Structures are given as C-alpha cells and as structure tokens.
There are 2 protein chains.
Amino acid sequence: MLSSPRIALDAFGGDNCPATELEAAVAAARTGLRVLLVGDAAELEPRLATLAGQDNLPIEVHHAPDRISMSDSPSKAVRGKPTASMPVCFDLVKSGRADAVVSAGNSGAMLACGLFKYGRVEGVDRPAITVPFPTLKQKYTWLLDMGANVDCRALNLVQFAVMGSVYARVNGSKSRPIVALLSNGTEPGKGTELTRAAHRILSAHPSVDFEYAGYIEGNNVFDGAADVIVTDGYSGNVALKIVEGTTTAFTTFLRRAIKERHLTQVGALMMKPAFAMVKELLDSDSYGGAPLLGIDGVAIICHGGSSSMALANGIRVAASFVDQGLTPGLTEAIARNQRLFAAAKELG
Amino acid sequence: MLSSPRIALDAFGGDNCPATELEAAVAAARTGLRVLLVGDAAELEPRLATLAGQDNLPIEVHHAPDRISMSDSPSKAVRGKPTASMPVCFDLVKSGRADAVVSAGNSGAMLACGLFKYGRVEGVDRPAITVPFPTLKQKYTWLLDMGANVDCRALNLVQFAVMGSVYARVNGSKSRPIVALLSNGTEPGKGTELTRAAHRILSAHPSVDFEYAGYIEGNNVFDGAADVIVTDGYSGNVALKIVEGTTTAFTTFLRRAIKERHLTQVGALMMKPAFAMVKELLDSDSYGGAPLLGIDGVAIICHGGSSSMALANGIRVAASFVDQGLTPGLTEAIARNQRLFAAAKELG
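Right, let's walk through the structure included here. (Residues numbered from 1 in each chain as written. Chains lettered and ligands numbered in written order. Predicted model: local features only at pLDDT ≥ 70, side-chain atom pairs only at ≥ 80, totals over all residues. Heavy atoms only, no water.)

All right, on to helix 4 (residues 85-94) of chain B then. Residues and elements named next belong to chain B. Taken across its 10 residues, helix 4 has 8 buried, putting it largely inside the fold. All buried positions along helix 4 are accounted for by Ser85, Met86, Pro87, Val88, Cys89, Phe90, Leu92 and Val93. Count one or two residues on from helix 4 and you reach Gly96, which has phi positive near 85°. (Buried < 20%, exposed > 50% of the residue type's maximum accessible area, 1.4 Å probe, protein only. Helix = DSSP H or I, 4+ residues; strand = E, 2+ residues; numbered from the N terminus.)

In structure tokens, the structure reads:
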C-alpha cells in the first residue's frame, strides 16, 4: 500500500485561526491522514500537544513566522511575505515534503500562490475555482468558475469545460460527464457574445472527455441535468452567493410568516432538523473546500469561516485528489483537447 | 378627476390565451380600470359577453387577426406580422386610443415593439427590464437589467442606475433611492472591467436622483440595503432564475428530508400556509409584470404562465405608471444626468 499523502495545512488562514486549524489537523490525523501544520511553531506546538494528548498522531509542525491577512493583496503572498504560512505550504510541496495545500485564508492570495509557486498545467490559460451544487438527482453539479477569473474569453470557458469534466469524473461522476453553459435562455441565439462563441466551439468539436449539452438556465441549476456547469467567474460568483442569499431569505421570510400570522410555531419546531439538513446541503462550504483547477498541483481553498469539520473535510478531499491523480488527469485532458482550444484561440 | 388610463391588453400573449387574458380584463374592469382587449374579435367577443354577463364593464375589443408566437423572432412582431395582437397594442397607443400596453407574450418581441413603435426616451442607449426582489426590510429592491441587454457597456449600467432610481421612486421608495452595482466582492478592485468602469463613473459623479452605494454581493441582494441593484442582462437573468431554482430546490430537499428521515409530516402540514406565502413572495411574477424602462411609453411584460390575477395586476400597474407619469419622469431624469453619461461615453 502506498503511504498516505502529506497535506500542508495553513494554520493561520481562517477567521478563527489557529484554533480551528489545530482541531481540523487533529480530527483528520485521527482518521489516518498525514498533516503538516504550517505556521508559528511557538504558538502551534504547545496547543497541539494539549489537543493530541498521549496519542501519537501523524502531524508535524513546520515553522513559518509570518501570515497573510484577508486584506493583503495577492502579490503579498508571493513576494512581500515569503515566510508566511500560506506560501510556505506551497514551498513544502515544491520541495517534495508535502503533496497538497489546504488553506481557509485569502483566496486571491491562494490563487496567486498556485499560479506562481505551482505554475499552470501546460496549456492552461487561466485556472478556475469550482464548487458543488447539490441536485435533485442526489449527486453534485460542479459550477466553475466561481470567481478566479471575472473577465473571460471563449478559450477560458472551453478550458473550464475540460477541467470541470476531469474534476467531475474524479468525484465519481460518469466517465464522460455532461457539460452545459450557463445562459439566460436555452435557444442558441441567447447568451452573451462570450457564451455564444464558446457554444459554437463546444458544439463543433466533440470531446472524448465530456458530452456538451448546450445552454442551461439558472432555474435548472439544481436539476442535475448537467454534471458540470461552466460560466465566467463574475456570474459564477453572483450565482453562488445568490443561492446563499435566497436560502437565508427563505428561512427568514418563513420565520416571519409564522410569527405574523400566529401560524404553527409547533410545526416550525418539528421541522427544525429538516431545515438544518437543507441549509447544510445548500451551503457549499459543507463540502470541505473548493479546488483550484488548472494549476500544477493540488490546492484547496476553504471558506474563511470554515468549521474544523469543514477543514478536516478539506484535508480529506486534498488527500483523495493526490491519490486519484487529479493533476495528472487534468494535464492529460488538457493535452487531449488541443483542437478545442485552437478553435477558441482563432476567435482571439 | 382625470379619466382612468386605457390599457391595451394583448389577448393572445400568454400560455393559456385568451382565457387568462379575458378573465384578467374582466377582473381589472370590475375595479374600474379601462381595458382594450386586442385580438381576434370573433373569438373574443362571445367569450367576453359570457364572462361579463349583464355588467356594463369598461372593456372594448379591438380586432387584430394575427398573433405572435413564443418562437417568433422579435422582428416578426415589428415587420412580419403587422396585424398581430401585440404590435397592434402599441399602434393603439401611438394613435392615441390607448395609454399603455400589457402582454404575457414573447418578451423579445415586446422589446422590439417597444423600441420600434414607441422609440427610446431621448438619450437612452438601451432599455432595460426590471423586476422586484422582496427584502428582509419589507420593501422591494429593483434589479435591472433582467435580460433585455446581455452585452452591456458602462454607459448602459450608468443609465440603468438612473432609470432604476426613477422607477423605485414611482414605486414608493425614498426620493433619492440607494443604487448599488452587483459584484463578486465589495472592494473596489473586485468586479469586471465593466463594473469597475461603471463604479468609477458613479463614484465620481454624484446624481441628484440617487445615492450610489458601491458594490453589493449576491448574498446581500435580499437585505434591502439598496433600493436598486444594477447589473448586465446576462447576470441579472441568471440571478433571477437562480432565485427561482433555489426556492424550488429548497422546498424539494425539505420534502425529501422529511420523507427519508420520517420526520414531522405533521409539522410540514402545519407549515403549508407559511411556505405558500414565502414561495409567492420569492416569485417575482406575483408582482404583476416587469416594465420596459427607457422606451417612450408604458409597456409591461408579464410571464407567459401568468395567472389572470397576475395579469390583472399588470393592468393595474400599467395604469398607475401612466397616472404617475413614469415616462415623463424617466425623460426628465435622463436629461438631468447627462454629465454621468458623457463620462461613460468617454470610456467608449
């Protein structure tokens, strides 16, 4: 049996660091995962000793004296603060001491580290962030890009289709996942100049990696008709946050309706566990983090407010991507779909 | 007292026409609204006689032999089918026999009719469609554009800000509504090239018509922090439909959670009226239709599946916009904000 991948966890990333990260490392290590906890050793070591107790857990602390804040510019992470915990995580992978990075820190800085430390998978123009949407068919649909690239060209959308299909496959979807483009209507004349260009290319050049299903509208995102939904990072981010806003509004309006009409407080109380399940389902954070696709290595971005359970999930997910060869899979798929990209590049 | 506005209702627009339109006309007329029911007179007149009975309702039938289908191209409405009910509605306004148009038909055709029959308000580059989102502060937030213009330039977003503020004011918002730009983050560096250009212009040129509040994220759309939220028609349409998709998914997941876990069927039953209230609140159709802003006249687009109640609301809303001078208000505001537009035009 191969030894388990070593995950570099940025101990000073999240909103409640390093407490959450310490708990996550211990929880993950108790399931056999190997964690390199990266950050100020003087702070981390005594707290880790307390948490781990007598147990001999597969956790090492790697000292990194500095930290990237949420307000730091992305360039800080790659040039201004070389000894911060986040860039040091990436350095550990580069030097062969770790296999993947997980952080709940500044996502712009994560993207910059991914680009400058790992570099891009050969042939990739722009990496993308993907998150899972739960579907009514009881599996996930992967949306990308969720905010790494707000201004896209057709080449980017076409590459997102390829990368998303590899990711869906690694996550247990069918061998040739169904890919759709997010649009304002399903007729070919709908969409923007950008989506119409991507639609033409994807329609004209079938790929062995995915089945292209055309346009999909926002109201069908949860239907499970597509395994992967592609859009630019601006619309993707708006879509992701609108789901969050609608979920919150739904529960708040419901609470208000109950109160104002003196309705069914008892019913509401009885429904509480069902509500909690749905909120968790619609909360993409519960999945454990979003991978950066298209960089030459595994990096998982977790929400700043992640719980230790979500972060431990992020560690588990990172390890499974190393085991399943996500990065080699992406590299091969990008090489395999050059005709698609050439067609997109012709459009400029 | 001025006489009530005459509303030209396209009797062959919606999915269940003309039955829904006939019922809507009768319901509106019973509240004193004047309706011109436009379509095939041979079909409409006997059915209207049956519905209206002995009552002398302020409904006239205006004969139009043809009809625009949902699959007709927008140009059909303005050139190919001059005697169809939809373009005839606009002709009736132009010839002074009606004051506003309401239709549940093809929205692309409505936009084309608005542009070619009414023409644009002087100085407007592109009209926009706006819909209300309910907010936690118990008033509406108006989002635009919801799909009339998928590819926008900064001038369009800036004009949407002005038009949206006039519309929010007419709808009872404060005299200087708060306008925000939809974005993927609130820091000025966030957004697309397009939103950053619009942000710079709106920040540099305060308007008497609205207070510019900067960027707003998708998760805050329901907060009520802004009276008007501006975005391009692609993202706006995606946002609108994602709300619909999330609401449907929420209720479906909830039903499933209840069933799988054998939870609280009784609780769910007790909650039914509260659920119905929230679904109606989150369903923008219940408002009665979306106006086309920026054309030189009142035109309300209703959803194809509108109930007769929703269509009757559309008629009421159209009449109130005529009474409140929505179009003159827009014309004045566009003239008043030329500095803003000049700054946007400089960007190209």
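Moving on, we get to the side chain of Asn337 of chain B. All names here are of chain B. Note on placement: Asn337 falls in the loop between helix 11 (326-336) and helix 12 (338-346). Classification of Asn337 by relative accessible area gives buried; the value is 5%. Only 2.6 Å separates the side chain of Asn337 from the side chain of Ser207, close enough to count as a polar contact. A polar side-chain atom of Asn337 sits 2.8 Å from a polar atom in the side chain of Asp209. (Polar contact = N/O pair within 3.5 Å; in protein donor to acceptor, adjacent residues only side chain to side chain.)

Okay, the environment of Cys17 of chain A next. Residues and elements named next belong to chain A. Residue placement: Cys17 occurs in the loop between strand 1 (6-10) and helix 1 (19-30). Cys17 sits in the partly exposed class, given a relative accessible area of 23%. When the C-alpha atoms of Cys17 and Gly105 are compared, they prove to be 9.4 Å apart, with 88 residues separating the residues in sequence. The residues contacting Cys17, other than those within four sequence positions of it, are Ala11, Phe12 and Arg67. (Contact = heavy atoms within 4.5 Å.)

This part is about the sheet that holds strand 2 (residues 34-39) of chain B. All names here are of chain B. Pairing in this open sheet of 11 strands is mixed, and the strands run 3-2-1-4-11-10-5-6-9-7-8 from one edge to the other. Strands with a single pairing partner mark the edges of an open sheet, and in this sheet they are strand 3 (59-63) and strand 8 (211-217). If you compare each strand with its neighbour and ignore which way they point, the axes differ by 30° on average. Set on the sheet, helix 4 makes contact with strand 1 (6-10), strand 2, strand 3, strand 4 (100-103) and strand 11 (298-301); between it and strand 2 the angle comes to about 140°. (Pairing = 2+ DSSP bridges. Axes fitted to C-alpha atoms, helices over the stretch in contact; angles between N-to-C directions.)

A few words on helix 6 (residues 154-170) of chain B. Residues and elements named next belong to chain B. Compared with an ideal rise of 1.5 Å per residue, which puts 17 residues at 24 Å, helix 6 spans 25 Å between its outermost C-alpha atoms and is within 8% of the ideal. Most of helix 6 sits out of view: 16 of its 17 residues are buried. Looking one or two residues beyond helix 6, the residue adopting positive phi is Gly172, at roughly 95°. (Expected span 1.5 Å × (residues − 1).)

For the rest of this paragraph, the subject is the pattern of salt bridges. All names here are of chain A. Inspection of every chain in the model, using the stated rule, returns 22 salt bridges over all chains. In this structure, Asp209 engages Arg169 in a salt bridge whose closest nitrogen and oxygen atoms are separated by 2.9 Å. Within this pair, whereas Asp209 is found in the loop between helix 7 (193-204) and strand 8 (211-217), its partner Arg169 is found in helix 6 (residues 154-170), the two being separated by 40 residues in sequence. Judged by its relative accessible area of 2%, Asp209 is buried. We classify Arg169 as partly exposed; its relative accessible area is 25%. Its salt-bridge partner being Asp209, residue Arg336 comes within 2.7 Å of it at the nearest N-O pair. With a gap of 127 residues between them, Arg336 in helix 11 (residues 326-336) and Asp209 in the loop between helix 7 and strand 8 connect regions that are remote in the sequence. In the salt-bridge network here, residues are joined through shared partners; they are Arg169, Asp209 and Arg336. (Salt bridge = Lys/Arg side-chain N within 4 Å of Asp/Glu carboxyl O.)

All names here are of chain A. Counting buried positions along strand 5 (residues 128-134) gives 7 out of 7 residues, so the element sits mostly inside the fold. Residues of strand 5 alternate between two faces, with Ala128, Thr130, Pro132 and Pro134 on one and Ile129, Val131 and Phe133 on the opposite face, all of them buried. The pairing of strand 5 with strand 10 (residues 290-293) spans 2 bridges and is classified as antiparallel. Paired with Ala128 across the bridge in strand 10 is Leu293.

Now for the nonpolar core. Counting residues in each nonpolar core, the largest one holds 109 residues, and the members touching the most others are Phe90 and Val221 of chain A together with Phe90 and Phe133 of chain B. Examining the composition of this core, we find that 11 residues originate from one element, helix 8 (residues 233-260) of chain B, more than from any other. Here Phe90 of chain A is in contact with Val101, Met110, Cys113, Gly114, Lys117, Tyr118 and Ala299 of chain A, once residues within four sequence places are set aside. (Core = buried A, V, L, I, M, F, W, Y, C linked by side-chain atoms within 4.5 Å.)

Residues and elements named next belong to chain A. With mixed pairing, 11 strands are arranged side by side in an open sheet as 3-2-1-4-11-10-5-6-9-7-8. The sheet is open, and its two borders are formed by strand 3 (59-63) and strand 8, each paired with just one other strand. Taken over all neighbouring pairs, the strand axes of this sheet differ in orientation by 30° on average, direction set aside. Across the sheet, helix 7 touches strand 7 (178-183) and strand 8, and the angle it forms with strand 8 is around 155°.

This next bit is on the packing of helix 4 of chain B against helix 5 (residues 107-118) of chain B. Residues and elements named next belong to chain B. Where helix 4 meets helix 5, the closest approach of the two axes is 10 Å, and the angle between their N-to-C directions is 30°. By the angle class used here, helix 4 and helix 5 are roughly parallel. In terms of crossing hand, the pair formed by helix 4 and helix 5 is right-handed. In contact with Met86, Pro87, Phe90, Asp91, Val93 and Lys94 of helix 4, helix 5 contributes Ala109, Met110, Cys113, Gly114, Lys117 and Tyr118. (Parallel < 35°, antiparallel > 145°, perpendicular 65-115°, else oblique. Left-handed = near helix turned anticlockwise from the far one by under 90°.)

Remember, this is a structural readout, not a statement about activity or role.
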